[in-house]
Each structure stands twice: as structure tokens, then as C-alpha cells.
Amino acid sequence: MIGVNREGEVWVFAEQHNGQLEDTPIELMSKARWLADTLGVKLAAALLGDNVKDLAAKLIHYGADKVYLIEHPLLEHYQANSYAKAIFDLVHKYEPQIVLYGATITGRDLAPRIASAAKAGLTADCTDLQIGDHTTIKDGQLHKNLLFQIRPAFGGNIIATIINYDRWPQMATVREGVMPMPEPDAARRGEIIEEKAELSQQDLTLEILQEHKRPKKVNLKAARIIVAGGAGVGSKDNFKLIWDLANCLGAAPAATRAAVDLGFIDGDHQVGQTGTTVRPNLYIAVGISGAIQHQAGMSQSQKIVAINNDTEAPIFQIAHYKIVGDLNVVVPKMIKAIKEKS
Amino acid sequence: MAYNCVVLIKQVPDTKRITGAAMNDDGTVNRAALPAIFNPEDLNALELALQIKDKFGGSITVITMGPPAASAVLRDSLFRGADDAILITDIRCAASDTLATSYILSCAVKKVDYDIVVCGRQAIDGDTAQVGPQLAEKLGIPQITYVEELIELNGKTITARRNIGAGWQQVKTALPALLTVTSDANEPRVAAAKKMMKYKKAHTPIEVEQKTQAENSAADEADIKALVAHKCSELEEKGLLIKQWDLDFVGADLNWCGRGGSPTKVHRIQSVVLAAKESKDVEPNDKAISDMIHELIEDKTIA
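Notes on the structure in this doc start here. (Residues numbered from 1 in each chain as written. Chains lettered and ligands numbered in written order. Predicted model: local features only at pLDDT ≥ 70, side-chain atom pairs only at ≥ 80, totals over all residues.)

Topic: the overall build of chain A
- Scanning chain A from N- to C-terminus turns up eight helices and 18 strands.
- Taken over C-alpha atoms, the radius of gyration comes to 22 Å for chain A, in line with the 20 Å a tight globule of 342 residues would show.
- Counting only C-alpha atoms, chain A reaches 65 × 55 × 40 Å along its principal axes.
- With 342 residues in all, chain A has 55% of them scored as buried. (Helix = DSSP H or I, 4+ residues; strand = E, 2+ residues; numbered from the N terminus. Rg over C-alpha atoms; globule rule 2.2 N^0.38 Å. Buried ≥ 20, exposed ≤ 12 C-beta atoms within 10 Å, placed from the backbone.)

Description of the pairing of strand S14 (residues 225–229) of chain A
Residue and element names in this part refer to chain A.
- Among the five residues in S14, five count as buried, and that is most of the element.
- The alternating pattern of S14 places Ile 225, Val 227 and Gly 229 and Ile 226 and Ala 228 on opposite faces, both of which are buried.
- Relative to strand S15 (residues 252–255), S14 runs parallel, the two being bridged by four bridges. Bridged to Val 227 within S15 is Pro 253.
- Handedness of the crossover joining S14 and S15 through helix H5 (residues 240–249) is recorded here as right-handed. (Pairing = 2+ DSSP bridges. Right-handed = clockwise from strand over helix to strand, strands pointing away.)

Points about helix H3 (residues 98–109) of chain B
- Here H3(B) is twelve residues long and its end C-alpha atoms lie 16 Å apart, about the 16 Å a rise of 1.5 Å per residue gives.
- Here H3(B) lies mainly inside the structure; twelve of its twelve residues are buried. (Expected span 1.5 Å × (residues − 1).)

A word on the sheet that holds S14(A)
- Ordered by their spatial adjacency, six strands build an open sheet running S15(A)-S14(A)-S16(A)-S17(A)-S18(A)-S13(B), and the pairing between neighbours is parallel. Unpaired on one side and paired on the other, S15 of chain A together with strand S13 (280–282) of chain B mark the two borders of the sheet. Each neighbouring strand pair of the sheet contributes to a mean axis angle of 20°, computed without reference to strand direction.
- On top of the sheet, H5(A) reaches S14, S15 and strand S16 (282–286) of chain A; it is set at about 175° to S14(A), its chief contact. (Axes fitted to C-alpha atoms, helices over the stretch in contact; angles between N-to-C directions. Contact = placed C-beta atoms within 7 Å.)

Here is the structure:
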């Protein structure tokens, strides 16, 4: 456990697998850069692995002032115990004030283990981070410049702002896709600090027998236009309408959890609380009622077009263009209109 | 060999059925207005333990921390085949965050003989997925999170397939170990009628006390106390007493429990009110739809 350290840096865990940086630490960089600048401290990345030094420059290009680099043969493959131990030791040595992780499966496997060992707080799946003050009700004490860890809770029905003011570091995992990717600046220079990890074979508690990587069938996060279908589309056959509309717009096809559960489309296409978070220029919601869990994944879209035959559908509350009607009539009309204009 | 499993479960408000009626004016959630259910992925955790028991033998102990009413999920677990049930209930647990919760649970689990600890991946009220890994750390045992399939149990080792996002990995570890289980792992079995008949009478001491008080409102305190003790020992003889532990019993250091033991605090809660800044109604006819597409092309939304 470390105490409040106002001089402490802002850290981002630089998740990498097989020498490839994940998107999430890069997405986190722009927000973390802003947090560090607001607090007047340095931004550092914690990079662990074996032969991963060349990734350090990339992290600096994306905004890090420093990279703490731990290279060790036993860190070649991620596993919770060895990584948690190495990061815990690093945190104890440098006492950062904030440590951020992507809310990937790896981040969600690793960060709680570190938090438990450090007896520190951890907020899961944040969608925003801010700096602010908090006054404790009990003694009226003002705690300045805390990390506001903002996340949906209760299935997305409320937004909670979580703080920790006494037991640091302030740690959070941040949802994938909620923060825009920064542009790299190849001219940026930074410091690489090589650290040693005290690890032995005993620290590798898992034996990884097999691994099968399956590339995602669709990259929703990168899509500028998304056409998404919900349970209202009715059947897998009828979901062809979604594909057709997406194709003529050069858009990515997506779906609600309900549509995925009904087998209309593969889970890689799912947008929402338990799927991907997207922020495209245009989101066309077809036959989607707009449960809060779905809205949590798409409400940041620049423009939203909603097509639904139920005037009361919650999706209409956030839509810029509201079309009340039968999707089987409306979607073909849209396809026709797009083909005429292009 | 037989394996003793501890399954950690949680009673949660059914957040999928949340409606306006369940929201207070200040944006907080009125938990009382929501049905309380067995956390879905904890049912998958229990099913995984039941499959281990079916194949290898051993026992299943289910543990939950919560208010007295949380005994409902313990009874449900007994209906489905668990052998023993423990309710950790103590007002001093209130406002525990995941760190404090995992500490309290670790104190309780240490009192039970176990080879495998099984948890659901996450609970639908908080969706944090933190308590499992934190508990594994506190118990000093390895964790396999996001388990989709139990591959093999062989002597003192376990092999499981875990989801890694874009793909899967098969990992092996030495027991004792902790698993967190996803909804893809199995199809939870339903309650067995015979067990339901038997265990519907299973109660915690606090439930016995509440019932006795309600039935004997005129009796004095000492008489009620004696009556409760008698009824509890009767239930215990029949194997129908759900164990009820408090923080003293599990030997928890109160500094690490409840609000004081929780580093994370709530600064603010807001209800979600999402609304588009400006919106247009578009009639479902050719002209209106064509105009909309034209607008979206004009403002470069569609390239």
C-alpha cells in the first residue's frame, strides 16, 4: 500500500502480446497525456515482455515521456501472476499516483491481482477520466486533484464517479474504444528506463498448453459508418437487409446483443455494454429498441439514424433522424436513395 | 480423486429488467423495486462445480456475502445439488468495495477445505470482474479467468480453456486454484424436485429468528431465544441449517472491511439521460428518405 504521492507520475500499462502493442494502451495515451499535463507530472508507460524494447519508441511517439521497460524471458507470454508481481514491484519503487490499464481480458485479469497485492483501489471499465476535487462529508476535508473514475454501473442505468483519496495509486481499467486514438509524433523523444524483474520459474503458475488466435471478423472501432440491426429485424435471412445497406454505404454491419443471441450474426459484430464501444460518424440503428446496454456502446456516434415501428422505442431519444416505420419498407428505400445519389 | 469445490455466488438486482420505477429522483437505484436474482454467471460457476462432483465426487460448498435475504440463492444452490451453504452477513460488511469484499470472502474460504474455488466471471450489478482475481491473490493461489471449458482434472492439476478475446488459450495449473467462469462454459441445470422438497425448509438462524418472532409476538425475549436455539438445532440435525457467519467468526480484521476497508468511494451518481441535441422526424416515404440521405451526403457524414 502506498500513500498519497502528489509528485507521482501517471502510468499506462502497455499491453502487448507477441511483440504487438494492443490498441487500448495507445487509445489511453491521449487521455493519460491530458491527465499528466493537468497534474503537472510525467506520463510513463510500463512495458513488460521479452525482446520488446522496440515498442518503447512507439509509446513515446504516442505521448509517453518515459517508458519503464522490463524484459525477462519469463515475461515472454502474459500471465497474471508473473506480470502482477513485476508491476507491483515497479509500483512500489516509483509510487505513481495513477495507473491505467485497458479493460481488455488481460487488463481485467491482471489489474485486480495488482490492486489486491497493493491493497489499492481499482475501478473497472471506466468510460471517462477527469481530474476534480472531493470533500469528505465526515470531516469536511478537501481532497484536490483526484482522478475521477467515471463508469456505467447497474447494467448501464447509472453513471458513477469513483474516487480514492487515501490509498494510492489510483487505478482504473478503461473500456476499449471509448477514447480516440492519438496521432503518433515520430519527432517526440523520451526516456527509456530499464528495470529488472525478480522472477523465478515458480512465478509462472500457469502452463500455456495451446493458444488459438482468431482475428476479429470486423473492426467496428475503425468504421466510419455502422449499420446495426436488432431483434426487430426478425430473422437471420432478413438480416441480409443490414448487410445490403452496409455494403452500399461501405459501412460495417453490427448488431445488438439480442440479435447476436438470436443467431442473426456473429458476436464479433456486437455493439454495447458487453460488446464493442463505437463512435462512428454515422450509426444507423435498424429494428433496435435501444436498451441502455446498447446505447452505452453507441451513444457517442456523431449522427444516429433510427428506424423502428415502435414510436416509444428508447433509441428515438438519442436519434438525430427518427423514422417510424416498417424496416422492410424503409431500408430498401434508403438503399435506393443512396444508389441514386452516388 | 475427489475434489472439494467452493463456489462463490451473489444475489443481484435484475439489472436487465430495470425500469423508470426503479430509479429514485436523485438518480440512484431503488434496489427494493427490482427483483433479486441469482447472478447469471454464478449459476455457470455452480454448474461447473456440479459437473466436477458428478464425475469425480467430492463436495460443494456455496458461499455468499449479503443481507439475510441473500439466503435465497443459497437455497437455490442446494436445490441444484450443492452440499453445504454459508451466508456471510454482517452490517459491518456494508459499503465494501471489491477489495474489502475479496478480503472478507478470503477469510471465509480459508475456513473451508477446498481444492478448487469457482466464481462467475462477473456480477451484473457491478460488472467489475474484480473479486475473483483479488480473492485468488489473497488466497495465494493461481487464477484462471474467463473459463469457457473445463478440459481435464488430473490428480493435483487442472486444465481449462479460457477466452482471450480474439481466440482462446488452454492453460494448466496446480491445485488449489481459482476459476472464473463465463456463460459459455455450460448450461446450468435446473433445480431437482426432490432436493427442492427437502431444502425448501433450509434456513439461516436469522430467518428462524425472524419467523419465530413473527409467530410469537407476545412472548418475552428469553423465551424466543430459547425457541430459536431449539429450532436451529432441530434444523441442524436434519442438515437443513444454512450456516451464518459474521466478521468475528471468519476472523476478519475490521480495518479491511466495509466502508473503512474500501479505498474506492463514490463521488457522484448520475442517472443516464441520453438525448440527441436536435432531431428530425423522417416520414417513411421515398421523398423524405431521399432528402435525409441528401443531407447526410451534404454534411459529409456519408462520404
